[in-house]
Amino acid sequence: MLLPFLPYLFALSGATLVLALGEPLVDATVLGPVELGLAALGLLALGLLVGHVPEAMLGSRVPTRISLRRVLLLGMWLGLLAAPPLHGGLFALARGRPGGDEALLLAVLAIYWLADSFTLQPLGPGGAGGAAAQVRRLLRHLGVPLPLLLLYAGGVVLNALAQPLGAAAAGGLPGWLRTALQMTGALALMVLLTPHLIRWCWALPPLRPPESERLVAEELAANGVRATRVLEWPEPLMGSITAGVVGLVPGFRFLLFGPTLARALTPEELRAVTAHEAAHVRHRHLWYYLAAILAFAIVFQLLSQALVLGGLVVRAVPPLWLMVTLEVLALVAFLRFGLGFLSRQFERQADGHALRRTGLAPFQAAMAKVALLNRIPIEADNWHHYGVGRRLEFARQASAEPDRLARHDRRVARIKALGLVALVAIVAVQLALVGTDAANRVVERVWEPRIAGIAEPTPTELRLLEALAMYAYEQRDLVRAERYFRRLIAWRPDDPRDQNNLAWLLATREPAERQALDESLRLAMSAAQTSESAYIWDTLAEAYARGGHAEKARAAAAHALELAEGGQGRGEASLAYYRARLRALGGGTMP
């Protein structure tokens with residue numbers, strides 16, 4: 001059931017990394033809202049273009065397969081997100097807005113969702129059938145990843161609604177406990193809602209004919225498995241004829257069974273397929289899949305942090321494109337070698353249960369019919385299920401040597417135990433990092449002696465210290481951030497960006513100190529004399545306002561807006577920000 005969502009999991013992981021890294025470390029032109037809208041339209045047009053390339057060149061349009069056309073689109077989409085102008089513009093849109101990061105991630109995923117659907121269903125002269133038929137197929141493709149997107153959107157909305165209440169209720173809780181509660185709530189939401197979202201988005205009716213539904217329900221009951229309903233697997237939508245279980249909790253669980261497959265099987269063969277699916281529930285395979293995905297998601301976050309902090313330690317901040325590439329490759333490796341390995345072991349255990357229930361002949365006949373209906377060569381291998389030929393060979397060996405099934409059950413039990421130990425260890429590490437400042441202290445201890453001993457810093461060392469200073473500021477460790485900003489000014493005393501950063505920190509730090517405000521104003525004036533950049537003049541306006549110079553503050557804010565409207569040094573902020581700043585300083589109502 002994971003296959004239809006794989007491209008979107010790749011997109012979600014890559015986009016999360018891009019947006020989580022904040023503003024680019026290098027100066028770049030930042031796209032505004034209008035330019036970002038045009039970039040979104042350009043990506044949709046690119047999806048249409050890729051969708052019209054013949055299958056012989058770019059591969060299948062089946063939504064459960066990751067063909068070259070989908071890889072090409074995903075790579076271009078992630079490349080655009082990581083490009084400094086677009087990356088900076090997206091960061092500017094989200095900065096300072098409650099829930100801005102989550103809403104922005106949802107928006108860029110929605111754009112990818114449309115573009116990917118265009119690659120699977122081309123519209124226009126290149127598409128099969130008339131316009132109405134093309135639109136219907138497009139809507140079907142749009143429905144495939146919709147459960148995942150709706151689940152994420154629901155989480156964003158609930159988090160925004162519950163954030164004030166949750167902050168008040170958890171105000172006295174340690175950081176690690178708040179993180180654990182958030183993770184538990186998100187998992188509960190996913191477990192309960194996902195099956196019903198799949199049923200609704202894929203428009204799944206009860207299995208037909210009713211006799212097949214009755215036989216499947218009876219076999220499930222005989223296996224001690226309760227499923228809410230037996231529904232049809234969406235064969236035309238997915239391009240495959242199979243069966244599968246959706247949902248982890250009784251009352252929130254469905255068995256999906258392909259109607260073509262049900263009609264092709266005898267009652268005994270249908271029992272064999274149903275017993276195989278029932279085994280996944282009996283042995284709690286879906287829970288262990290969830291645990292594996294959760295473990296990787298945490299490792300994914302730890303890897304991202306390690307890349308950034310490790311770069312600070314070795315004085316080589318990795319470029320954004322490299323980080324995105326490494327993260328996507330890590331996800332591919334996890335799916336292919338981690339989840340693929342787990343899936344093969346679970347599938348073999350489920351095959352063994354079906355053999356015990358029905359015997360060899362019905363199981364062999366059912367497997368042969370599944371391969372025939374899906375046009376799968378018997379000898380072809382499969383990375384997540386084993387090939388049909390290997391499964392049939394194992395069934396014959398297990399039938400002749402019954403202890404083979406027991407040995408495999410013990411092997412799976414050991415894998416489960418090791419997996420749970422690994423999950424507990426990974427969660428413990430994550431909670432420790434959230435609840436402490438260990439990572440920051442490690443980097444600081446490595447860098448403090450180096451900073452003091454560097455007389456002539458290299459460009460790389462300057463960028464690394466700037467990144468360390470910005471990281472400390474974002475973590476609200478203002479003492480450390482000030483120390484790093486002052487070191488940067490000592491190394492390059494005439495750089496307006498360094499002057500601007502320290503000026504903003506001194507002007508906005510609480511409690512306000514007259515000496516700090518005076519120094520902030522001097523730094524901001526020096527930076528403004530050197531650079532006609534909107535964000536620098538905005539800092540000057542703040543320094544004037546904090547120092548009690550209202551008229552000068554309004555004049556500086558008006559000049560910052562003028563520069564921003566001209567696209568000059570807008571930084572990470574939007575035009576709306578500069579307009580709001582001028583209004584706040586008493587500069588009148590701006591359009």
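Below is a short write-up of the structure. Remember, predicted model here, so these are calculated numbers, not experimental data. (Residues numbered from 1 in each chain as written. Predicted model: local features only at pLDDT ≥ 70, side-chain atom pairs only at ≥ 80, totals over all residues. Heavy atoms only, no water.)

Digging into the overall build of the chain
To keep it simple, the criterion reads: Counting from the N terminus, the helices are DSSP H or I runs at least four residues long and the strands are E runs at least two residues long. Each residue gets one of three labels from its accessible area relative to the maximum for its type: buried under 20%, exposed over 50%, partly exposed in between, using a 1.4 Å probe on protein chains only. Whether two residues touch is decided by their heavy atoms; if any such pair falls within 4.5 Å, the residues are in contact. Accessible areas in this description were obtained via Shrake-Rupley with a 1.4 Å probe; residue shielding takes into account the shown protein chains only.
Scanning the chain from terminus to terminus reveals 26 helices and three strands. In the chain, which comprises 591 residues, the share counted as buried stands at 47%. Across the chain, every contact between residues at least 6 apart in sequence was considered, and the portion connecting residues at least 24 apart equals 72%. Here the chain has roughly 27600 Å² of accessible surface; of this, 65% comes from carbon and sulfur atoms.

Brief notes about the nonpolar core
Inclusion rule: Think of a nonpolar core as a cluster: buried Ala, Val, Leu, Ile, Met, Phe, Trp, Tyr and Cys residues, connected wherever their side-chain atoms sit within 4.5 Å.
Core analysis: the largest hydrophobic core is formed by 59 residues, its most contacted members being Trp 77, Leu 81, Val 108 and Trp 202. Counting residues per element, this core draws most heavily on helix H15 (residues 320-358), at nine residues.

Describing the sheet that holds strand S1 (residues 229-232)
The following threshold applies: Note on pairing: DSSP must find at least two bridges between two strands before they are called paired. All axes are obtained by fitting lines to C-alpha atoms, using only the stretch in contact for helices, and the reported angles, taken between N-to-C directions, cover 0 to 180 degrees.
Reading across from one edge, S1-S3-S2 is the order of the three strands in this open sheet, with mixed pairing throughout. The open sheet has two edge strands, S1 and strand S2 (243-246), and neither has a second partner. In this sheet, neighbouring strand axes are inclined to one another by 25° on average, regardless of whether the strands run parallel or antiparallel. Pairing geometry for S1 and strand S3 (residues 254-257), over four bridges, is parallel.

Concerning the environment of Leu 150
Considering the arrangement of structural elements, one finds Leu 150 in helix H8 (residues 146-169). Distance from Leu 150 to Thr 194, taken between C-alpha atoms, is 9.3 Å for residues 44 residues apart in sequence. Excluding anything up to four places from it in sequence, Leu 150 contacts Leu 197, Trp 200 and Cys 201.

What about unusual backbone geometry?
Look at the link from Arg 208 to Pro 209: it is a cis peptide, with omega at 0°. Inspection of the secondary structure puts Pro 209 in the loop between helix H9 (175-201) and helix H10 (210-222). For the peptide bond that leads from Glu 510 to Pro 511, omega is 0°, which places it in the cis range. Its place among the elements puts Pro 511 in the loop between helix H22 (496-508) and helix H23 (514-530). Residue Ala 203 is not a glycine yet carries a positive backbone phi of 50°. Tracing the chain through its elements places Ala 203 in the loop between H9 and H10. Taking the relative accessible area as the measure of exposure, Ala 203 reaches 60% and is therefore exposed.

Considering the environment of Ala 110
If you trace the backbone, Ala 110 turns up in helix H6 (residues 100-120). Exposure remark for Ala 110: the relative accessible area of 28% places this residue in the partly exposed category. Put simply, Ala 110 and Leu 149 are 39 residues apart on the chain and 7.8 Å apart in space, counted from C-alpha to C-alpha.

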